[in-house]
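Read off the chains here:
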Amino acid sequence: NLRGGASMLTIHMLGKAAVTKDGTDKVTFQTRKADAIFYYLIITATPVERIEVAELFWPEMTLANAQKNLRTVLPDLRNMLGDYLIVNNQQIAFNKACPHSVDLYQLQQLLADASRPAEEKYAQYVACYQGELLAGLAVSNSINFENWLDHQRQSLQQKIIIALHK
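Residues numbered from 1 in each chain as written. Predicted model: local features only at pLDDT ≥ 70, side-chain atom pairs only at ≥ 80, totals over all residues. Heavy atoms only, no water.

Asker: Any chance you could explain the overall build of the protein here in plain terms?
Answerer: Counting its secondary structure elements, the protein contains six helices and seven strands. When its helices and strands are written in sequence order, the protein yields β-β-β-α-β-α-α-β-β-β-α-α-α. The contacts in the protein between residues at least 6 apart in sequence include a share of 58% that link residues at least 24 apart. Accessible surface, the protein: about 8,900 Å² in total, of which carbon and sulfur atoms supply 51%. (Helix = DSSP H or I, 4+ residues; strand = E, 2+ residues; numbered from the N terminus. Contact = heavy atoms within 4.5 Å. Areas by Shrake-Rupley, 256 points an atom, 1.4 Å probe, with all protein chains shown as cover.)

Structure representation (structure tokens):
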């Protein structure tokens, strides 16, 4: 449980996804959907409507059933992530105010930083980019999420290719 104020969450999303607490304790999600929902919240980096999450992860269900499934997943996520997850009646979000390190955020900052010389940035790209965004993450019966993730992967690849050409 990550409720303690001194915890540090380290999130690797480039290559094989992994979440660790205080550098050593691996966080293991109950289901692939819980896993994917957490990573989705990190990638979006803003509060997301609960309805949107329900529709994204359970597109084959009625909205009422999708929302019911989301309500089943959220307590497990809250229990595991504590203050790192902000949940209210309308929205869910990753709490960026809690101590965290996310390789994707580091790469995005690097891509946006025009002040450093290209050679210096290249070495940092290589160190940061350990593979495809959420490599190997597949979630059954979530075609909307799969399509969204595919788009995120392609978008990131394009940004990296453009940066490397420079």
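Anyway, onward from the coordinates.
Asker: I'm lost on the nonpolar core in this one. Help?
Answerer: For soluble globular proteins, nonpolar side chains are generally found buried alongside one another. Core analysis: the largest hydrophobic core is formed by 51 residues, its most contacted members being Ile11, Met13, Phe38, Leu77 and Phe145. Sorting the residues of this core by element identifies strand E1 (9-12), helix H1 (32-44), helix H2 (50-57), helix H3 (63-81), strand E6 (91-94), helix H4 (103-112), helix H5 (118-128) and helix H6 (143-165) as the ones contributing at least two each. Tallying contributions element by element places H1 first for this core, with nine residues. In contact with Phe38, not counting residues within four places along its chain, are Leu9, Ile11, Val19, Phe29, Leu77, Leu81 and Phe94. (Core = buried A, V, L, I, M, F, W, Y, C linked by side-chain atoms within 4.5 Å. Buried < 20%, exposed > 50% of the residue type's maximum accessible area, 1.4 Å probe, protein only.)

Asker: Would you mind showing me how to read H1 here?
Answerer: Residue pairs three or four apart in sequence face the same way in an α-helix, which turns once every 3.6 residues. The end-to-end C-alpha distance of H1 is 18 Å, a good match for the 18 Å that 13 residues give at a rise of 1.5 Å each. Counting buried positions over the 13 residues of H1 gives 11, a clear majority of the element. All of the buried residues in H1 are Lys33, Ala34, Asp35, Ala36, Ile37, Phe38, Tyr39, Tyr40, Leu41, Ile42 and Ile43. At the C-terminal side of H1, Ala45 shows a positive phi close to 60°. (Expected span 1.5 Å × (residues − 1).)

Asker: I keep staring at the sheet that holds E1 and nothing clicks. Help me out?
Answerer: Paired through backbone hydrogen bonds, the strands of a sheet run either parallel or antiparallel to each other. Spatially, E3-E2-E1-E7 is the arrangement adopted by the four strands of the open sheet, whose pairing is mixed. Two strands bound the open sheet, and with one partner strand each, they are strand E3 (25-26) and strand E7 (100-102). Bridge count between E1 and E7: three bridges; the pairing is parallel. If you follow Leu9 over to E7, its bridge partner there is His100. Contacts between H1 and the sheet are confined to E1, strand E2 (18-21) and E7, with E1 contributing the most and set at about 90° to the helix. (Pairing = 2+ DSSP bridges. Axes fitted to C-alpha atoms, helices over the stretch in contact; angles between N-to-C directions.)

Asker: What is the right way to read the side chain of Lys33 from this model?
Answerer: Mapped onto the fold, Lys33 is located in helix H1. Buried within the structure, Lys33 lacks any salt-bridge partner; its nearest side chain of opposite charge belongs to Glu60, at an N-O separation of 4.8 Å. Excluding anything up to four places from it in sequence, Lys33 contacts Phe57, Trp58, Val139, Ser140, Asn141 and Ser142. (Lys, Arg positive; Asp, Glu negative; His and termini not counted. Salt bridge = Lys/Arg side-chain N within 4 Å of Asp/Glu carboxyl O.)

Asker: Explain the pairing of E1 to me, please; I cannot follow it from the model alone.
Answerer: Each regular strand displays side chains that alternate between the two surfaces of the sheet. In this structure, E1 lies alongside E2, joined through four bridges in antiparallel fashion. Paired with His12 across the strands is Ala18, a residue of E2. Counting the residues that bridge the hairpin from E1 to E2 gives five residues, and of these Gly15 lies at a positive phi of roughly 95°.

Asker: What exactly am I supposed to notice about the sheet that holds strand E5 (residues 85-87) here?
Answerer: Ordered in space as E4-E6-E5, the three strands form an open sheet in which the pairing is antiparallel. Bordering the open sheet on either side are strand E4 (48-49) and E5, each of which pairs with just one other strand. Running over the sheet, H3 touches E5 and E6 and is turned about 140° from E5.

Asker: What is the right way to look at the environment of Ala93 in this model?
Answerer: For Ala93, the position within the fold is in strand E6. The residues touching Ala93, leaving out its near neighbours within four places in the chain, are Leu41, Thr46, Pro47, Tyr84, Leu85 and Ile86.

Asker: What should I look at first to understand H6 in this one?
Answerer: Relative to the 33 Å expected for 23 residues at 1.5 Å per residue, H6 spans 33 Å between its end C-alpha atoms, a close match to the ideal helical length. Inspection of H6 places Phe145, Trp148, Leu149, Arg153, Leu156, Ile160 and Ala163 among the buried residues, and these make up the whole buried set. Check the buried side of H6 and you find it contacts H1, H2, H4 and H5.

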